[in-house]
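A look at the structure
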Amino acid sequence: RLLRDARAILVVAGAGMGVDSGLDAIRDNDGCYTFADYHAKCQHELFLRDPVGAWAFHGRVLRRFRDTPPHDGFAHLLALCRSKA
């Protein structure tokens, strides 16, 4: 009833949605990075200093995101949000 009557919905989701789709978690539950150098490679300065190295990392991650089909939960959230549009 709350969702049906709401004028707007704010969805706040963490990495679990992607993990359930088969993507790697960037951090473990305790907050430690699972990729040893992830934090260093997420700095804008890396793209300025070493664009080839930056895209070697981020291009692979982006390709994985694009190639991984989302699980059904994403479709349910999208339908819920569209119902409020």
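Residues numbered from 1 in each chain as written. Predicted model: local features only at pLDDT ≥ 70, side-chain atom pairs only at ≥ 80, totals over all residues. Heavy atoms only, no water.

**Some points on the side chain of Ser21**
Note the following rule: Strands here mean DSSP runs of E at least two residues long; helices mean DSSP runs of H or I at least four residues long; both are numbered from the N terminus. Counted as a polar contact is a pair of N or O atoms within 3.5 Å, where, for protein atoms, one must be capable of donating a hydrogen and the other of accepting one, and residues adjacent in sequence contribute only when both atoms are in side chains. Any two residues whose heavy atoms approach within 4.5 Å at even a single point are treated as in contact.
Considering the arrangement of structural elements, one finds Ser21 in helix α2 (residues 16-21). Polar side-chain contacts of Ser21 include one of 3.3 Å to the backbone oxygen of Met17. Other than its neighbours up to four places away in sequence, Ser21 contacts Thr68, Pro69, Pro70, His71 and Phe74.

**Observations concerning helix α5 (residues 51-67)**
Worth spelling out the cut-off: Helix span, as expected, comes to 1.5 Å for every residue beyond the first. Type-normalised accessible area, obtained with a 1.4 Å probe on protein chains alone, sets the label of each residue: buried when under 20%, exposed when over 50%, and partly exposed for intermediate values.
Relative to the 24 Å expected for 17 residues at 1.5 Å per residue, α5 spans 23 Å between its end C-alpha atoms, a close match to the ideal helical length. Looking only at α5, the buried set comprises Ala54, Phe57, His58, Gly59 and Val61. Elements in contact with the buried residues of α5: α3 (38-41) and α4 (44-49).

**With respect to the environment of Arg82**
Its location among the elements puts Arg82 in helix α6 (residues 72-82). Assessed through its relative accessible area of 60%, Arg82 is described here as exposed. Along the sequence, Arg82 and Ile9 sit 73 residues apart, while their C-alpha atoms lie 10.0 Å from each other.

**Looking at the confidence of the model for the protein**
So the rule is basically this: Scored between 0 and 100, pLDDT is the confidence that the predictor attaches to each residue.
A residue-level look at the protein finds 87% of positions with pLDDT of 70 or above and a mean pLDDT of 83. Element-level mean pLDDT values for the protein span from 77 in α3 up to 92 in α4.

**A short note on the pattern of salt bridges**
The following threshold applies: Any carboxyl oxygen of Asp or Glu that lies within 4 Å of a side-chain nitrogen of Lys or Arg is treated as forming a salt bridge with it.
Tallied over the entire structure, the rule returns two salt bridges. For Arg1, the salt bridge is made with Asp5, and the minimal N-O distance between the two is 3.7 Å. Since its relative accessible area comes to 74%, Arg1 is described here as exposed. The exposure class assigned to Asp5 is partly exposed, which follows from its relative accessible area of 46%. For Arg4, the salt bridge is made with Asp5, and the minimal N-O distance between the two is 3.3 Å. Within the structure, one salt-bridge network assembled from shared partners comprises Arg1, Arg4 and Asp5.

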